[in-house]
Amino acid sequence: MSTEAGLSIELSVVIPSHEDAACLELTLRSLRRQSLALERFEVIVVRDGGDAGKYAGVADAGKGLNLRYVELDERRGRGGARNEGVRHATSPLLLFLDADSYATPDLVQRHLTHHLDPSAPAVLMGRRDESGIEHVHAALADEPTIPAPRRRVQGGGDLRFGTQEISDDDDWLRAGWVFCFTHNVSVSRTLFDAVGGFTEGFGLRWGLEDMELFYRVHAHLGVLERNFAYDDLAAVYHLPHHRNLANNWNDFMGNLEVIGRQYPVVDWEFVGPLDLARSSDRIVHYRAAIADCVRRSACRIAPAVEELAARLPGHRVLWVGTGSAEAQLPEGSLTFDYGAPLSPTNFHLIGMRPPIEPQSLDAVVSVDFWRYLHWEDLCQFVNAAATLAGEVHLVSTGEELSAPFTPAPATLDYLRQVLDAAFETSLLDVDGFGLALRLIPRHRPAVAAD
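Rules behind the numbers
Residues numbered from 1 in each chain as written. Predicted model: local features only at pLDDT ≥ 70, side-chain atom pairs only at ≥ 80, totals over all residues. Heavy atoms only, no water. Helix = DSSP H or I, 4+ residues; strand = E, 2+ residues; numbered from the N terminus. Buried < 20%, exposed > 50% of the residue type's maximum accessible area, 1.4 Å probe, protein only. Contact = heavy atoms within 4.5 Å. Areas by Shrake-Rupley, 256 points an atom, 1.4 Å probe, with all protein chains shown as cover. Pairing = 2+ DSSP bridges. Salt bridge = Lys/Arg side-chain N within 4 Å of Asp/Glu carboxyl O. Right-handed = clockwise from strand over helix to strand, strands pointing away. Axes fitted to C-alpha atoms, helices over the stretch in contact; angles between N-to-C directions. Core = buried A, V, L, I, M, F, W, Y, C linked by side-chain atoms within 4.5 Å.

Observations regarding the overall build of the protein
Within the protein one finds 13 helices and 14 strands. By residue count, 53% of the 450 residues in the protein fall in the buried class. Put simply, of all contacts in the protein between residues at least 6 apart along the chain, 73% involve residues at least 24 apart. Accessible surface for the protein amounts to roughly 19,400 Å². Of this, 51% is attributable to carbon and sulfur atoms.

Here it is, written out as structure tokens:
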């Protein structure tokens, strides 16, 4: 099952497998039917623990492939199994599939062709259509395609994109890592090694180890760059297999909490297990807002500190904006300063789920940046801020931004009125500086006694 000496392998397909031998055999059979000559790619299967006896059919299913079959007696989880597979790979290009990713005939060729173009984005994602038990007969008969519906509303489609087909607008690819599931994605070995491979600290928990890897790839190449491409014709079918969705959900949310603490940045605030399209839209929008704010040297914290600090109920304040280094911030201050490096007291967050203890602050002050927020996110921001502090201040200096909100006094007064149901509201006119909408929560949760 190994490669003959002297052959040049151009692409390595890496597949982890745990207790899914039946799916794996069908997937290997689909890889034998590729339009790319079999001697040009290899397949590395890593059995991640489980019952070895169930894998007796792997050799026959992979007959004709350059197949390396690696067995781990102790289960290491998806990240560990994929890293082990990469260690056995011999080519400069890695294509990650799952054991249940039944490949269409041009899959490997399309991934290879993409990466042969030196100007192409560094990561290529392919399509994965859902299939049901009613479709398995086609795979069992070695059909090149499976008659599964192409739309989610019909019980098929690519689960990542919800009920809609993909938009012609490709701005979502600026946050393409959100869609990088390792059931069909390729990247160079050099780049994989540069970011350190998969994080194995997730252990056996399900979910996010693939997104987290490709987030690091994205950060390595530049978060404002176009690092991802999508090919609808580089397709696989997701074979039906047993799932425990309750366990998957719990694992996903647990991993998301761990990642949120590790990366206190806007990107991970909007990642969730359901609507990835909404997540990518938010990430792209707020990354652009941050870039606009920094480029204009806008949303300046220092003048707000000078003009407002004495009006606040205490010195433990979260300041949102830029230029905090120019301010004399008292001890106990925190910042979301988008122009300063991350630190234990400075996060690059919008404020949806801030990693700050409830009721640990006296005030939260956003200097102009709140104007970039979509309405539902602005509501979430002030609600989250109200759990942290006794006052929330939305400062409008009147400075020109690309933000859609125009801080006219009449509009600010309307905002004051619609927030009055949850907050005691007042508009402060700060001479020479601007207007500040002060929000005092009407109801705050009690703090548990020590």
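Let us keep going from here.
Focus: the pairing of strand β10 (residues 334–337)
Of the two faces of β10, the one holding L334 and F336 and the one holding T335 and D337 are both buried throughout. Where strand β9 (residues 317–321) and β10 come together, four bridges link them in parallel fashion. What sits directly across from L318, in β10, is L334.

Description of the side chain of N255
Considering the arrangement of structural elements, one finds N255 in helix α8 (residues 245–262). On the basis of relative accessibility, which here comes to 0%, the residue N255 falls in the buried class. Discounting chain neighbours no more than four positions away, the residues touching N255 are F202, R205, W206, G207 and L208.

Digging into the pattern of salt bridges
When their charged atoms lie close together, side chains carrying opposite charge are able to pair. Throughout the structure, instances matching the rule amount to 34 salt bridges. The closest approach of N and O atoms between E42 and R68, which form a salt bridge, is 3.0 Å. A residue pair is termed long-range when its members are at least 10 positions apart, and E42 in strand β2 (residues 41–48) and R68 in strand β3 (residues 66–72) qualify at 26 residues. Since its relative accessible area comes to 24%, R68 is described here as partly exposed. Note that R110 is salt-bridged to D231, the shortest N-O span being 2.6 Å. Of this pair, R110 sits in helix α4 (residues 107–116) while D231 is found in strand β8 (residues 228–238), placing the two residues 121 residues apart along the sequence. Under the relative-accessibility criterion, D231 is labelled buried at 12%.

A few points about the pairing of β2
Successive side chains on a regular strand alternate, one facing one side of the sheet and the next facing the other. Most of β2 is tucked away, with eight of its eight residues classed as buried. Burial along β2 is two-sided: F41, V43, V45 and R47 and E42, I44, V46 and D48, pointing in opposite directions, are all buried. Relative to β2, strand β1 (residues 11–17) runs parallel, the two sharing seven bridges. Residue pairing in the sheet places I15 in a bridge with V45 of β2. In terms of handedness, the path from β1 via helix α1 (residues 21–31) over to β2 forms a crossover that is right-handed. Examined bridge by bridge, β2 and β3 share seven bridges and lie parallel to one another. Residue pairing in the sheet places D48 in a bridge with L72 of β3.

Here we look at the sheet that holds strand β11 (residues 361–367)
One open sheet accounts for six strands, arranged β10-β9-β11-β12-β14-β13; its pairing is mixed. In the strand order of this sheet, the two ends are held by β10 and β13 (423–430), each with one partner. Here the strands of the sheet are splayed against their neighbours by 15° on average, with no regard to which way each runs. In this sheet, β11 lies alongside β9 in parallel orientation, the contact comprising four bridges. When the sheet's bridge partners are listed, V317 is paired in β11 with A363. Seen against the sheet, helix α12 (residues 375–388) touches β9, β11, β12 (389–396), β13 and β14 (434–441) and runs at an angle of roughly 140° to β12.

Section: the sheet that holds strand β7 (residues 184–188)
Read from one edge of the open sheet, eight strands run β3-β2-β1-β4-β7-β6-β8-β5, paired in mixed fashion. For this open sheet the edge positions go to β3 and β5 (101–103), each flanked by a neighbour on one side alone. The mean inter-strand angle of the sheet, taken between neighbouring strand axes irrespective of direction, is 30°. Both β1 and strand β4 (residues 93–97) contribute to a ladder of three bridges, which runs parallel. Bridge pairing in β4 links V14 to F96. Sheet strands touched by α1: β1, β2, β3, β4 and β5. Its angle to β5, the strand with the most contacts, is close to 20°. With respect to the sheet, α4 is in contact with β1, β2, β4, β5, β6 (123–130), β7 and β8, its orientation differing from that of β8 by roughly 170°.

Looking at helix α3 (residues 77–87)
Summarising burial for α3: nine of the 11 residues are buried, a large majority. Residues of α3 that are buried: G77, G79, G80, A81, R82, N83, E84, G85 and V86. On the buried face of α3, the contacting elements are β1, β2, β3, β4, α6 (189–194) and α7 (209–221).

Considerations on the environment of E326
Within the secondary structure layout, E326 lies in the loop between β9 and β10. Sequence separation between E326 and R300 is 26 residues; the distance between their C-alpha atoms is 9.1 Å. When sequence neighbours within four positions are dropped, the list of residues in contact with E326 reads R300 and A302.

Here we look at the nonpolar core
W177, F214, W268, V271, F369 and L394 are the most contacted members of the largest nonpolar core, which has 86 residues in total. Sorting elements by how many residues they give to this core places helix α10 (residues 276–295) first, with seven residues. Apart from the residues lying within four places of it in its own chain, the contact partners of W177 are M211, F214, Y215, H218, F228, D267, W268, V271 and I283. Membership of the second largest hydrophobic core comes to 26 residues, among which are L11, V13, A21 and A234.

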